[in-house]
Amino acid sequence: MNPVQAAAGLVFEEPLLWERGRPGRTGYSLPRRDVEETPVPEALAAEPPEIPELSEVDLVRHYVRLSQWNVAVDTAMYPLGSCTMKYNPKTNERQAALPGFALAHPLLPEALCQGALELIAALECLLAEITGLDAVSLQPGAGAQGELAGMLIFHAFHRRQGRPRSKILVPDTAHGTNPASAALCGYRAVPVASGGQGILEPEAVARLMDEETAGIMITNPNTLGLFEEHVAEIARIVHAKGGLVYGDGANMNAVLGRVDLGRIGVDVLHLNLHKTFATPHGGGGPGAGPVCVTRQLAPFLPVPRVVHREGRFFWSEDFPLSIGKLQAFWGNFGVLVRAYAYILSMGANHLEEVSRLAVLNANYLRVGLRGDYEPAHDRPCMHECVFSDARQRPHGVTTLDIAKRLMDYGFHPPTVYFPLVVPGALMIEPTETESKEMLDLFLAAMAAIAAEAREQPELLREAPRRCLRRRLDEVQAARKPRLTGSPPAP
Amino acid sequence: MMRYLPHTPEETAAMLAAVGVDDLERLFDVIPPECRRTRPMTLPGPMSEWELNGHMDGLAARVTPWSRARVFLGAGSYPHFIPEAVRFVTQRSEFVTAYTPYQPEMSQGTLQAIFEYQTLTARLLGLEVANASMYDGASALAEALLMAVRLTGRRAVAISRAVHPLYRRVAATYLDPAGIERRELDFGPEGTTDPARLADAREIAAVAVQSPNVFGCLEPLAAFAARAHEGGALCVAAFTEPLAFGLFASPGSLGADIACGEGQSLGIPPSFGGPGLGMFAARLAHVRQMPGRLVGETHDLEGRRGFVLTLSTREQHIRREKATSNICTNNSLCALAAAAYLACLGKRGLRDLARLNRDKAEYLKRGLAAQGVRPAFPAPTFNEFTAVFPPGFRERYLRLAENGLVAGFPLERWYPELSDHYLLCATEVHERADLDALIAEVRP
């Protein structure tokens, strides 16, 4: 089996838009002018900005060429840990593009948007059922905004109790956004070290938890791909001091249909629809980060909320304890449509199967890699497995080199140097949509790279060689930032 | 079998054997009983693809898109024609199904596209640098005010009441828990905010003004910038309709330090309010306090031009709680659509489209005035304006809406003092006959 998936083919150099443009061209067909011109007051008028002018064919060729410089889930396995780069079903694109959804104005009178309101209400119910929590807001526009919503709910809850708090516990395996979101609410993040097995120990939490601490932020399964088995005990400790438990649901893909977040003691959870629920990542967004809460915290959810009365759906602002609004309108509706379509396509049984196969795939890679790479924790994992470069470093080869060499084999690299608790981490999440033969190719590529690291380490250090560009100088980019193109010639 | 799940029973069995467990359920042994569900999930489905189409068609049919009705709504989301070439390139699956370009050698397409977006955004807004985009216009405004607080060390901001009310509410959500004071500047009878009301520029981090504002009126941005700068404060210019800068002076050219707002107008369908595009531009001197991702130009080992994410020391994966923002992605695909849309128009196309938008709105304004329906405010406007409809129009509004004519947005919902004030939007998608129909329907 030849593990090299990459083939050298013809791709094209492509200049920047303004290098391609020529004054006098256009790609746009202006709708017919059927009203007269109204003069613009001279004091207000300005020269339009210097936007390059391209014909339609230039425009299309420009972007099609750029697109060919990307590797994406639709072109190759993309095992970026904690990002859940699963296949994005095409039917979901069709649904989001329906004129009733894509061309709906957010301020339509409720009588004219019943279908959209019903979809929002229905998706809230589905996510509540999937998580085991009681109420859901779909407004947050991304995971980090869902997290912020969660922290704002903590803040509002404690203030309502008459005792604002100043600190929050954040495990050392947390996503980087966790402390940043907490800081926006004025909370000081107190790190909690995970135990020797990569798992949070209740004693460590008990030592730090006090009545100045708003609660804890837990990612479960955690960023080492391990299930936090003491989470229920930790929740009891936090609740006993009047704190709340925040669940980062970024890794929900591992536990669909298995875990009841409400029973565990999670009070607030955010989901990433662009991970678990198969909406596309879009090169870095847009996503959606719904926030799910217990009944006790439902009054604090963002507004407006959809309510159902006498067979009709309405927006309601009648939630005086709400944290307020996070987006101008109601959230990333176009993303919500896709996630809703995904859940309906799967049903309960297939969603459970998703987690089984995601965990099976991750363990299959874990077992297949541990002969060549050093596991962070040699124990069964959930949806992802974490290795390090400990066995390659003696050959002068680092995680970065391994990642770059994987490109030459035609795979997107895993997440690297995260979680921070594992030096030189390689965090691998295959997801359930990769087949056994693709995983076998990945394992063969990783084995070949391990052999190269021993015998021809320069192959790794000089990688990638098959991409459009060799390694890029990131130091130069930061030292002398060039963040926009040159101004056009006068 | 399910079409997204490739495993055959034989493969599953072989993989389980490799892992050393005899049953898929054993993979979950680590989950303690007290964490488990007590009953299986109860969900509808699974639906076949054909069934799903029917179900979704049914829901979508119970929403009135602007393409099937005479909808004169703007107020932060604008109906514009999206050329098929723009839609087509935005749907290339190499863009759609990639993630944040962490590995630049495999992501040069997204990176160059975002670099181009940053450049066109900076030019459109008249500032030196733009980020890779944010969630939406409202959260961009909130982040701009937080940035001004970091830059000045002052803990109060002033916000015009003619800034979109939903944007002001988002700003409140972000600022209040951090203990940052919000002071409001009222608007006057012209429909604009009077710079003379800004008396406390020495105490505030920034003054935020939207132009065109929520009533459609152009604000005296240059005067605000001058007063803010006298007091050492920043001028934050918000916007909801960036097409206006194809015709009117850009926020940066009028002295704004930060321009932030919604880019949905630029090739992004309204989608019931999202996803949109938070556009954000600032002065180069302030770039290290700017939130959001940035793409920068560099070169590879062989000296060829390439692009990378840069200045990430501002960001949360390195700075954690000291980060400039908790935002860790952008609305990349929407940014790509905006850049493609702008390039599709080109400089003159942008000006012609902006002019057509204004002319449609002016036609509507004149037509209504001829029927005795006066504009509420005298200040100049772009493609939306506020009109005072006959008293008690509300009932007619609902009846017209049921018949597929949405006569603008009733501003009373946001400003109780503005009863019978309706915000009307007309763009290139409204034909003269549509405008005439509206004029005929609101006759007193």
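This is a predicted model, so every value here is computed, not measured.

Criteria and thresholds
Residues numbered from 1 in each chain as written. Chains lettered and ligands numbered in written order. Predicted model: local features only at pLDDT ≥ 70, side-chain atom pairs only at ≥ 80, totals over all residues. Helix = DSSP H or I, 4+ residues; strand = E, 2+ residues; numbered from the N terminus. Rg over C-alpha atoms; globule rule 2.2 N^0.38 Å. Buried ≥ 20, exposed ≤ 12 C-beta atoms within 10 Å, placed from the backbone. Contact = placed C-beta atoms within 7 Å. Nonpolar A, V, L, I, M, F, W, Y, C, P; charged D, E, K, R; others polar. pLDDT = per-residue confidence, 0-100. Axes fitted to C-alpha atoms, helices over the stretch in contact; angles between N-to-C directions. Parallel < 35°, antiparallel > 145°, perpendicular 65-115°, else oblique. Left-handed = near helix turned anticlockwise from the far one by under 90°. Domains from an automatic or database assignment. Pairing = 2+ DSSP bridges. Core = buried A, V, L, I, M, F, W, Y, C linked by C-beta atoms within 7 Å. Expected span 1.5 Å × (residues − 1).

Got a minute to help me understand the overall build of chain A in this structure?
Of the regular secondary structure elements, chain A holds 15 helices and 13 strands. Over its C-alpha trace chain A gives a radius of gyration of 25 Å, about what one expects of a compact globule, namely 23 Å for 490 residues. With the C-alpha coordinates of chain A rotated into their principal frame, the extents come out at 70 × 70 × 45 Å. Among the 490 residues that make up chain A, the fraction classed as buried is 60%. For chain A, long-range pairs separated by at least 24 residues make up 72% of all intrachain contacts whose partners lie at least 6 apart in sequence.

Hey, could you run me through the interface of chain A and chain B in this one?
By a widely used convention, the size of an interface equals the accessible area lost when the partners come together. The interface is formed by 168 residues belonging to chain A together with 171 residues belonging to chain B. Taken together, the residues that form the side of chain A that touches chain B break down as 95 nonpolar, 45 polar and 28 charged.

Mind showing me how you'd approach the environment of threonine 329 of chain B here?
Following the sequence through the fold, threonine 329 of chain B ends up in the loop between helix H9 (316-319) and helix H10 (332-370). Separated by 194 residues in the primary sequence, threonine 329 of chain B and tyrosine 135 of chain B place their C-alpha atoms 8.7 Å from one another. Once residues lying within four places of it in the same chain are set aside, the contact partners of threonine 329 of chain B are Ala142, Gly284, Gly285 and Gly287 of chain A together with Thr100 of chain B.

Explain the confidence of the model for chain B to me, please; I cannot follow it from the model alone.
Predicted coordinates in areas of low pLDDT are best not read in detail. Mean pLDDT over chain B stands at 95; residues scoring 70 or higher make up 98%. The ipTM for the predicted assembly is 0.97, set against a pTM of 0.97.

What is the right way to read the packing of helix H5 (residues 108-125) of chain B against H10 of chain B from this model?
Helix-helix packing is described using two parameters, namely the angle between the two axes and the distance between the axes. All names here are of chain B. Running from N to C, H5 and H10 point in directions that differ by 60 degrees, and their axes come no closer than 9 Å. Our classification of the angle between H5 and H10 gives oblique. In this structure, the crossing between H5 and H10 has a hand that is left-handed. Along its contact with H5, which presents Thr110, Ala113, Ile114, Glu116, Tyr117 and Leu120, the element H10 presents Ser332, Ala335, Leu336, Ala338, Ala339 and Leu342.

Before we go on, may I ask you to explain the environment of glycine 278 of chain B in this structure?
All names here are of chain B. Tracing the sequence through the fold places glycine 278 in strand S8 (residues 278-282). We classify glycine 278 as buried; it has 33 C-beta atoms within 10 Å. When the C-alpha positions of glycine 278 and tyrosine 135 are compared, they lie 5.1 Å apart, and in sequence the two are 143 residues distant. Excluding residues that lie within four positions of it along the chain, glycine 278 makes contacts with Ser133, Met134, Tyr135, Asp136, Gly137, Ser139, Ala140 and Asn331.

Sorry if this is basic, but what is going on with the domain arrangement of chain B here?
Residue and element names in this part refer to chain B. The domain boundaries assigned to chain B delineate domain 1 (68-82 + 346-441) and domain 2 (84-341). Using C-alpha coordinates to define each centre, domain 1 is positioned 27 Å away from domain 2. With 26 residues of domain 1 in contact, the opposing surface of domain 2 contributes 27 residues. Within the residue set of the side of domain 1 that touches domain 2, elements represented by two or more residues are H10 and strand S11 (384-388). The element best represented in the side of domain 1 that touches domain 2 is H10, accounting for seven residues. Along the lines of polarity and charge, the residues of the side of domain 1 that touches domain 2 split into 15 nonpolar, seven polar and four charged.

When you look at the sheet that holds strand S5 (residues 206-210) of chain B in this model, what are you seeing that I'm missing?
Paired through their backbone hydrogen bonds, the strands of a sheet run either parallel or antiparallel. Residue and element names in this part refer to chain B. Across the sheet, seven strands lie side by side as S2-S8-S7-S6-S5-S3-S4; this open sheet has mixed pairing. Edge positions in the sheet fall to strand S2 (129-130) and strand S4 (181-185), since each has one partner strand and no second. By the bridge criterion, five bridges tie S5 to strand S6 (residues 234-239) in an arrangement that is parallel. Its bridge partner being in S6, alanine 206 is matched across the sheet by leucine 234. Where helix H6 (residues 137-152) meets the sheet, it contacts strand S3 (156-160), S5, S6, strand S7 (258-262) and S8, and its direction lies at approximately 160 degrees from that of S7. Contacts from helix H7 (residues 165-175) reach S3, S4 and S6 within the one sheet, and its direction differs from that of S4 by about 160 degrees.

When you look at the nonpolar core in this model, what are you seeing that I'm missing?
Among soluble globular proteins, nonpolar side chains are generally buried collectively. In this structure, Leu145, Ala148, Ala206, Val207 and Val236 of chain B are the most contacted members of the largest nonpolar core, which totals 321 residues. Discounting residues that sit within four places of it in the chain, valine 207 of chain B has contacts with Ala158, Leu198, Phe224, Ala228, Ala233, Cys235 and Val236 of chain B.

Whenever I open this one, the pairing of S8 of chain B confuses me. Can you help?
Two faces belong to every sheet, and in a regular strand the side chains alternate between them. Residue and element names in this part refer to chain B. By the criterion of burial, S8 is predominantly enclosed, with five of the five residues buried. Here S8 shows no split at all, with Gly278, Phe280 and Ala282 on one side and Met279 and Ala281 on the other all buried. Alignment of S2 against S8, held across two bridges, turns out to be antiparallel. Paired with valine 129 across the bridge in S8 is alanine 282.

What is the right way to look at the pairing of S3 of chain B in this model?
All names here are of chain B. Counted residue by residue, S3 has four buried out of five residues, so it is predominantly covered. Relative to S4, S3 runs parallel, the two being bridged by five bridges. Within S4, the residue paired with isoleucine 159 across the bridge is glutamate 184. Looking at chain direction, S3 and S5 are connected through three bridges and run parallel. Across the sheet, the residue bridging to isoleucine 159 is alanine 208, located in S5.

Would you mind going over H5 of chain B with me for this structure?
Residues and elements named next belong to chain B. With 18 residues, H5 should reach 26 Å at 1.5 Å per residue; the first-to-last C-alpha distance of 25 Å fits that figure. With respect to burial, H5 is a largely interior element, 18 of its 18 residues being buried. A positive phi of about 75 degrees marks glycine 126, the residue just after H5.

Please explain the sheet that holds S11 of chain B as it appears in this structure.
Residue and element names in this part refer to chain B. Taken together, the three strands give an open sheet; going across it, the order is S11-S14-S13, and neighbouring strands pair in antiparallel fashion. Each edge of the open sheet is held by one strand with a lone partner, namely S11 and strand S13 (409-410). Pairing of S11 with strand S14 (residues 421-425) involves five bridges; the strand directions are antiparallel. Bridge pairing in S14 links valine 388 to histidine 421.

Help me understand the domain arrangement of chain A, please; the structure alone is not making it clear to me.
Residues and elements named next belong to chain A. What the domain assignment lists for chain A is domain 1 (92-344) and domain 2 (348-476). Computed from C-alpha coordinates alone, the two centres of domain 1 and domain 2 are separated by 30 Å. Each side of the interface is counted separately: domain 1 has 18 residues, and domain 2 has 19 residues. Broken down by class, the residue content of the side of domain 1 that touches domain 2 amounts to seven nonpolar, nine polar and two charged.

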